[in-house]
Amino acid sequence: TLKELEGMDRSPEQRELFRKFSDQLISQRLKSRNEPSAGPAIVVMRGKCSLVNCEISDCTGGGALVCNPSNQIMELQLHISGCTIRNCVKAGVESREFGNLLVENSEIHDNHQGAIIWRDAQNVKISNCNIYNNKNEG
């Protein structure tokens, strides 16, 4: 959890970066709870992000979206491992616009759509996941 990670030994720079990231997640979570049709809880448009052993749930938008509108060459933008993504009003995970995605060992269920991979996505791999009980596409 965020509280457990805060207590780990970190440099002052790492603590400040973590605090900013935590504030952004909390802000995004509150925003998605208050909007009737919010965007995804997690959006990665540049850089890299790893979600490991976490839960994304009860979002009024999607769970996680990766896109790369600038079409910069990247090996991997979003890595999701050991996570549960559930009860999202839109897609659990989505990759589009040259987005690079790896989802492994995760549960994606009870969303409107489990996973949406657009034709313009690239380097998408979903392995060893349980994707079930979604209203539309898996």
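Everything discussed here concerns the structure shown above.
What counts, and where the lines are drawn
Residues numbered from 1 in each chain as written. Predicted model: local features only at pLDDT ≥ 70, side-chain atom pairs only at ≥ 80, totals over all residues. Heavy atoms only, no water. Buried < 20%, exposed > 50% of the residue type's maximum accessible area, 1.4 Å probe, protein only. Helix = DSSP H or I, 4+ residues; strand = E, 2+ residues; numbered from the N terminus. Pairing = 2+ DSSP bridges. Patch = residues over 30% accessible without salt bridge, like charges linked within 9 Å, V, L, I, M, F, W, Y side chains within 5 Å. Areas by Shrake-Rupley, 256 points an atom, 1.4 Å probe, with all protein chains shown as cover. Salt bridge = Lys/Arg side-chain N within 4 Å of Asp/Glu carboxyl O.

As for the pairing of strand β5 (residues 78-81)
Of the two faces of β5, the one lined by L78 and I80 and the one lined by H79 and S81 are each fully buried. Here 4 bridges tie strand β2 (residues 49-52) to β5, and the two strands are oriented parallel to one another. Looking at the pairing, L51 lines up with I80 of β5. Looking at chain direction, β5 and strand β8 (residues 101-104) are connected through 4 bridges and run parallel. Looking across to β8, one finds that I80 is bridged to V103.

Overview of a nonpolar patch on the surface
Side chains of I117, I126 and I131 sit close together on the surface and give an oily, nonpolar patch of about 210 Å² of accessible area. Tracing the chain through its elements places I126 in strand β11 (residues 124-127).

With respect to the pattern of salt bridges
Taken as a whole and assessed by the stated rule, the structure comprises 3 salt bridges. The salt bridge involving E55 is made with R86; its shortest N-O contact spans 2.9 Å. One end of the pair, E55, is in strand β3 (residues 55-57); the other, R86, is in strand β6 (residues 84-86), and 31 residues separate them in sequence. Residue E55 is classed as partly exposed on the basis of its relative accessible area, which comes to 45%. Across the salt bridge formed by E94 and R96, the nearest N and O atoms sit 3.2 Å from each other. We classify E94 as buried; its relative accessible area is 13%. The network of salt bridges with common partners includes E94, R96 and E97.

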